[in-house]
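Architecture and fold: a report
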Amino acid sequence: MSLVLHQVYLGLGSNIEPHKNLCTLLKVLENQFGILQYSTVYQTKAVGFVGDDFINLVVGFKTHYTPEQLVEYLKQIEQQLGRINQQGFTARTVDADLLLYEGTQIAHKDIERYPFVLYPLAELASDWLHPTRLMTLSTLAQQLNLSRDDMQAIAFNCSFE
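We now turn to the structure provided with this report. Predicted model, so just to flag it, every value in this text is computed and none were measured.

About the criteria used
Residues numbered from 1 in each chain as written. Predicted model: local features only at pLDDT ≥ 70, side-chain atom pairs only at ≥ 80, totals over all residues. Heavy atoms only, no water. Helix = DSSP H or I, 4+ residues; strand = E, 2+ residues; numbered from the N terminus. Phe/Tyr/Trp six-rings, centres within 6.5 Å; stacked < 30°, edge-to-face > 60°. Buried < 20%, exposed > 50% of the residue type's maximum accessible area, 1.4 Å probe, protein only. Lys NZ or Arg CZ within 6 Å of the ring centre and 35° of its normal.

Description of unusual backbone geometry
A negative phi angle is the norm for most residues apart from glycine, just as the trans form is the norm for most peptide bonds. Its identity is not glycine, yet Leu-134 carries a phi of approximately 55 degrees, on the positive side. By the secondary structure assignment, Leu-134 is in the loop between helix 3 (115-124) and helix 4 (137-144). The phi dihedral of Asn-145 is positive, around 50 degrees, even though this residue is not glycine. By secondary structure assignment, the location of Asn-145 is in the loop between helix 4 and strand 6 (151-154).

So, in structure tokens, the structure goes:
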């Protein structure tokens, strides 16, 4: 692990018992990394397959983990929470994707593809410079102008004890 703390942003989603599974995931992340920044939470239609609606959000936090360590950690947590490794678009208990990692060229491809990734990310990190587009996330969101028609902001609360 690095001794330097790096800001990271993750895209999270679920459409199998989404409230339960996302709350469990958020608690695991909070226990591991401390205080999390939360975006607005959205309910969205399944993309690429017929299935239940997803609940999506973006979280940000600081970590000592390298990008590789963080991705491996996220895969382990997904598996512990019942995610089965499938190819393509399918229902899932949890999905946790590394979107951005401070000081690297890492920028997940879904940032530019899906409004439920871009808009919550821009909400938390509007002035963050996209490493390959070389523009802020708020500018990228304006330029791409992805449709928000299938996104509905929802109240989402996890009561942790």
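Thoughts on the packing of aromatic side chains
Here the distance between the centres and the angle between the planes together describe a pair of aromatic rings. Within the structure shown, the criterion is met by seven aromatic pairs. On the numbers, 4.3 Å between centres and 20 degrees between planes, the contact of Phe-33 with Phe-61 is stacked. In this pair, Phe-33 sits in helix 1 (residues 18-33) while Phe-61 sits in strand 4 (residues 54-63), placing the two residues 28 residues apart along the sequence. For Phe-33, a relative accessible area of 13% corresponds to the buried category. Here Tyr-65 and Tyr-73 contribute two aromatic rings whose centre-to-centre distance is 5.7 Å and whose plane-to-plane angle is 90 degrees, an arrangement assigned as edge-to-face. Each of the two residues, Tyr-65 as well as Tyr-73, counts as buried. A connected cluster of aromatic rings, assembled from ring pairs, spans Phe-33, Phe-61, Tyr-65 and Tyr-73. One Lys or Arg, Arg-148, reaches over the ring of Tyr-119 and ends 3.6 Å from the middle of that ring.

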